[in-house]
Amino acid sequence: MRDQPPVVKGAGWYYASFLDLVDLLFVKRFLDHGLSLQKVRRALDEARRVLGTEHFARETFFTDGSDVFLQLQEAGLKDSGDAILELLSGGQWVIAPVIRELAQQIDFQSPEGLASRWYPLGRSKPVVLDPKLSFGAPSIVHRGVKTVNVDDLFIAEHNSFEAVRAWWHLTDAEIQAAVDFEHQLRA
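Residues numbered from 1 in each chain as written. Predicted model: local features only at pLDDT ≥ 70, side-chain atom pairs only at ≥ 80, totals over all residues. Heavy atoms only, no water.

Draft legend 1. Quick look at the packing of aromatic side chains. Per the stated rule, a full pass over the model turns up two aromatic pairs. Ring geometry for F154 against F161: centres 5.1 Å apart, planes inclined by 75 degrees, an arrangement best described as edge-to-face. (Phe/Tyr/Trp six-rings, centres within 6.5 Å; stacked < 30°, edge-to-face > 60°.)

Shown next, in the form of structure tokens:
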């Protein structure tokens, strides 16, 4: 599928780019919506032929649970309308609203439209994964404090919001979001 695998092993570590990780997130969501891995692979192969892209980490891929769609924009203009191609349909075009659940959690950079930032709890919660902040580790939005550090301090201080606020100068909502996120990872 690619010239080199998305995960590269070196010196006892495994490496993947941020876009590779978001690609895996898209694939997982497609699988969660009932698509087979084979269908997802074929859809990406077709998208590669149409767009010359290697990544699902774009705001233009969608699913309705049975099919994969690709929104094509005329001359790269974001608001040029809903020209949607149903992948694996022999070139079937669709004009209909499509669920954009995952796209509501991800910031996309322009003009390429590639994923640049992921809000795993949704935009209403202040947790972000951004490869330009905290080395890509989950952190508090606009603070750069890793969620794991907030959670560790919270636990060490016997679940004291006051102690964490005093140390990191975070709001209760930021502390709670970090703790919730880390607890989800452990579950």
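Draft legend 2. Structural view of the pattern of salt bridges. On inspection of all chains with the given rule, the structure shows seven salt bridges. With its nearest N and O atoms 2.8 Å apart, the salt bridge here joins D130 to R117. Placement of D130 in the loop between β9 (127-128) and β10 (139-140) and of R117 in strand β8 (residues 115-118) is noted, with a sequence separation of 13 residues between them. Under the relative-accessibility criterion, R117 is labelled partly exposed at 28%. A salt bridge links D151 to R186, with the shortest nitrogen-to-oxygen separation between them at 2.8 Å. With a gap of 35 residues between them, D151 in helix α3 (residues 147-156) and R186 in helix α5 (residues 172-186) connect regions that are remote in the sequence. (Salt bridge = Lys/Arg side-chain N within 4 Å of Asp/Glu carboxyl O. Helix = DSSP H or I, 4+ residues; strand = E, 2+ residues; numbered from the N terminus. Buried < 20%, exposed > 50% of the residue type's maximum accessible area, 1.4 Å probe, protein only.)

Draft legend 3. Highlighting the nonpolar core. F61, L87, I106 and A115 are the most contacted members of the largest nonpolar core, which has 27 residues in total. By residue number, the principal contributor to this core is helix α1 (residues 18-32), which donates seven residues. (Core = buried A, V, L, I, M, F, W, Y, C linked by side-chain atoms within 4.5 Å.)

Draft legend 4. Highlighting the confidence of the model for the chain. Confidence in the prediction of the chain, expressed as mean pLDDT, is 79, and 75% of residues score 70 or more. The secondary-structure element of the chain with the lowest mean pLDDT is strand β1 (residues 8-10), recorded at 58, while α3 shows the highest, at 97. Overall, residues 75-80 carries pLDDT values under 50, and its contacts beyond four positions in sequence, including any with other chains, amount to four contacts. (pLDDT = per-residue confidence, 0-100. Contact = heavy atoms within 4.5 Å.)

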